[in-house]
Amino acid sequence: MKFITSIASGIISIIILSFVLSPHLTEIYISIFDIQPGPDGETELFKFMLYIQWPAFFLLGYIAGYILHTKCLTRKSR
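Parameters at a glance
- Residues numbered from 1 in each chain as written.
- Predicted model: local features only at pLDDT ≥ 70, side-chain atom pairs only at ≥ 80, totals over all residues.
- Heavy atoms only, no water.
- Helix = DSSP H or I, 4+ residues; strand = E, 2+ residues; numbered from the N terminus.
- Rg over C-alpha atoms; globule rule 2.2 N^0.38 Å.
- Buried < 20%, exposed > 50% of the residue type's maximum accessible area, 1.4 Å probe, protein only.
- Areas by Shrake-Rupley, 256 points an atom, 1.4 Å probe, with all protein chains shown as cover.
- Lys, Arg positive; Asp, Glu negative; His and termini not counted.
- Charge placed at Lys NZ, Arg CZ, Asp CG, Glu CD.
- Contact = heavy atoms within 4.5 Å.

Asker: How would you summarise the overall build of the protein chain if you had to cite specific residues and measurements?
Answerer: When you go through the protein chain residue by residue, the secondary structure sums to 3 helices and 0 strands. Its helices and strands in sequence order give the protein chain the pattern α-α-α, from N to C terminus. Radius of gyration (C-alpha) of the protein chain: 16 Å, far over the 12 Å computed for a compact globule of 78 residues. The principal-axis extents of the C-alpha atoms in the protein chain amount to approximately 55 × 15 × 15 Å. For the protein chain, with 78 residues in total, the buried portion stands at 21%. As displayed, the protein chain has an accessible area near 5900 Å², and 72% of this comes from carbon and sulfur atoms. Between the mean site of the 6 positive side-chain charges and the mean site of the 5 negative ones, the protein chain shows a separation of 37 Å.

Set out below in structure tokens:
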């Protein structure tokens, strides 16, 4: 059950954090690496989201789900 809670929390965090933090993180990424508008810039931003942002969001949610399950959910069942 701990694994299912962690995976579900990871997926939910990807969805929520993509709407909340992605615009700000992409602006920072664009300003740091000076990405120009166009197809190459869009590909660069997609790679950033696919390989850096979404795994980081999932990892944060997975850890939060694991902590939630071990600290809160298991105490109620005991």
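Additional details are given in the paragraphs that follow.
Asker: Tell me about the side chain of Thr5, residues and numbers included.
Answerer: Structurally, the position occupied by Thr5 is in helix 1 (residues 2-20). Residue classification places Thr5 among the buried residues on the basis of a relative accessible area of 15%. Ignoring anything within four residues of it in the chain, the contact list for Thr5 reads Gly65, Leu68, His69 and Leu73.

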